[in-house]
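Geometric and topological summary
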Amino acid sequence: MPTGELAWTADTGDGVCFRFYGELNELISPRKRGVLSWFVLRSPTCVKDAIESLGVPHTEVALILVNGEAVGWGERLAPGDRVSVYPLFTSLDVSSLGRLRDDPPAGRFVLDGHLGRLAGLLRMLGLDALYRRDYADAEIAQISHDEGRIVLTRDRGLLKRAMVVHGYLVRSDAPHTQVREVLQRFGLDGALAPLTRCLRCNEVLRPVDKADVARRLLPRTKRYYEEFWACPRCGRVYWEGSHAAHMRRTVRALMARRE
């Protein structure tokens, strides 16, 4: 039974009926997946609070119908209402029915402190992924709001913050699978620029003359390599050595189509 705004009931007489569609069913109680479920309103409640009390962050929702009409987050619910909740559509344009938010910023993310490996892999693919292990939830929400970034997290509570407009609840705990989730969710295959960002700072790398970094190179590197790139923030130097070959293999694996 959810806490907060709703209480489950078997009596359909004076309750509010909810049905969740598609992948949103992964986020609700197994007994209520793909079926009509009735709840009693414990207090005057808007549809956003009701949906989130059932376990679905508002960032996961693309369309809400109440009694067949598209509504916004602030719609007040009343006994007898029927609520249909839909996830992001990848092949169907529902904007004419009512947009809950603008399109997300392409490839700009901020990640919570538990997704460090995902942040590194996104940077390896050339995507803008802000990450710091000690980010507080309030700080992540503020960055997302101020800089127009998509929040990536496995914490539903973070995505329920009103300040967060765009976000995604990462399902898997395996970093390579997490990357594929993000690429598929936001349609980013065409936005990738592998090995163009600093893995430490997230800054776009700049080409530098070999002479400018020669004193920092090991003798073997100086002898066999001619092209170099550097991070404008931390100064870290990159070149196409064995480490780059390993990263390119990782990139190919990340970009491979799922079976």
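Above: the structure in question.
Now for a description of the structure that goes with this document. Given the structure is predicted, the values throughout are model-derived calculations rather than measurements.

Criteria and thresholds
- Residues numbered from 1 in each chain as written.
- Predicted model: local features only at pLDDT ≥ 70, side-chain atom pairs only at ≥ 80, totals over all residues.
- Heavy atoms only, no water.
- Helix = DSSP H or I, 4+ residues; strand = E, 2+ residues; numbered from the N terminus.
- Buried < 20%, exposed > 50% of the residue type's maximum accessible area, 1.4 Å probe, protein only.
- Salt bridge = Lys/Arg side-chain N within 4 Å of Asp/Glu carboxyl O.
- Phe/Tyr/Trp six-rings, centres within 6.5 Å; stacked < 30°, edge-to-face > 60°.
- Polar contact = N/O pair within 3.5 Å; in protein donor to acceptor, adjacent residues only side chain to side chain.
- Contact = heavy atoms within 4.5 Å.
- Axes fitted to C-alpha atoms, helices over the stretch in contact; angles between N-to-C directions.
- Parallel < 35°, antiparallel > 145°, perpendicular 65-115°, else oblique.
- Left-handed = near helix turned anticlockwise from the far one by under 90°.
- Nonpolar A, V, L, I, M, F, W, Y, C, P; charged D, E, K, R; others polar.

Comment: phi is negative for the bulk of residues other than glycine, and the bulk of peptide bonds are trans. Positive phi, normally seen in glycine, also occurs at Leu 195, with a value near 60°. Structurally, Leu 195 is set in the loop between α5 (175-186) and β11 (206-208). Residue classification places Leu 195 among the partly exposed residues on the basis of a relative accessible area of 22%.

This model, assessed by the stated rule, comprises 14 salt bridges. Arg 248 is the partner of Glu 240 in a salt bridge, and the nearest nitrogen-oxygen pair spans 2.7 Å. Assessed through its relative accessible area of 36%, Glu 240 is described here as partly exposed.

This part covers the packing of aromatic side chains. How two aromatic rings sit relative to each other is set out by the distance from centre to centre and by the angle between their planes. Counted by the stated rule, this structure contains six aromatic pairs. For the ring pair Phe 18 and Phe 20, a centre distance of 6.3 Å and an interplane angle of 10° mean the geometry is stacked. The pair Phe 18 / Phe 20 is uniform in exposure class, with both members buried. Ring plane angle 85° and centroid distance 6.2 Å describe the contact between Tyr 168 and Phe 186, whose orientation is recorded as edge-to-face. Taken together, the residues Tyr 168 in strand β10 (residues 167-169) and Phe 186 in helix α5 connect sequence positions 18 residues apart.

What follows is about the side chain of Arg 123. Mapping Arg 123 onto the fold places it in helix α2 (residues 116-124). From its side chain, Arg 123 meets the backbone oxygen of Leu 199 in a polar contact 3.0 Å long. Excluding its chain neighbours within four sequence positions, the residues that come into contact with Arg 123 are Ala 129, Leu 130, Tyr 131, Arg 197, Cys 198, Leu 199, Arg 200, Cys 201 and Asn 202.

Think of two packed helices as two axes; the pair is described by the angle between the axes and how far apart they sit. The geometry of α2 relative to α5 is characterised by a closest axis approach of 9 Å and an angle of 60° between their N-to-C directions. If you check the angle between α2 and α5, you find them oblique. Crossing hand, α2 versus α5: right-handed. Where α2 abuts α5, its residues Arg 117, Leu 118, Leu 121 and Leu 122 lie against Pro 175, His 176, Gln 178, Val 179 and Val 182. Residues belonging to the contact of α2 with α5 are distributed by class as follows: six nonpolar, two polar and one charged.

That's the geometry; what it means functionally is another story.
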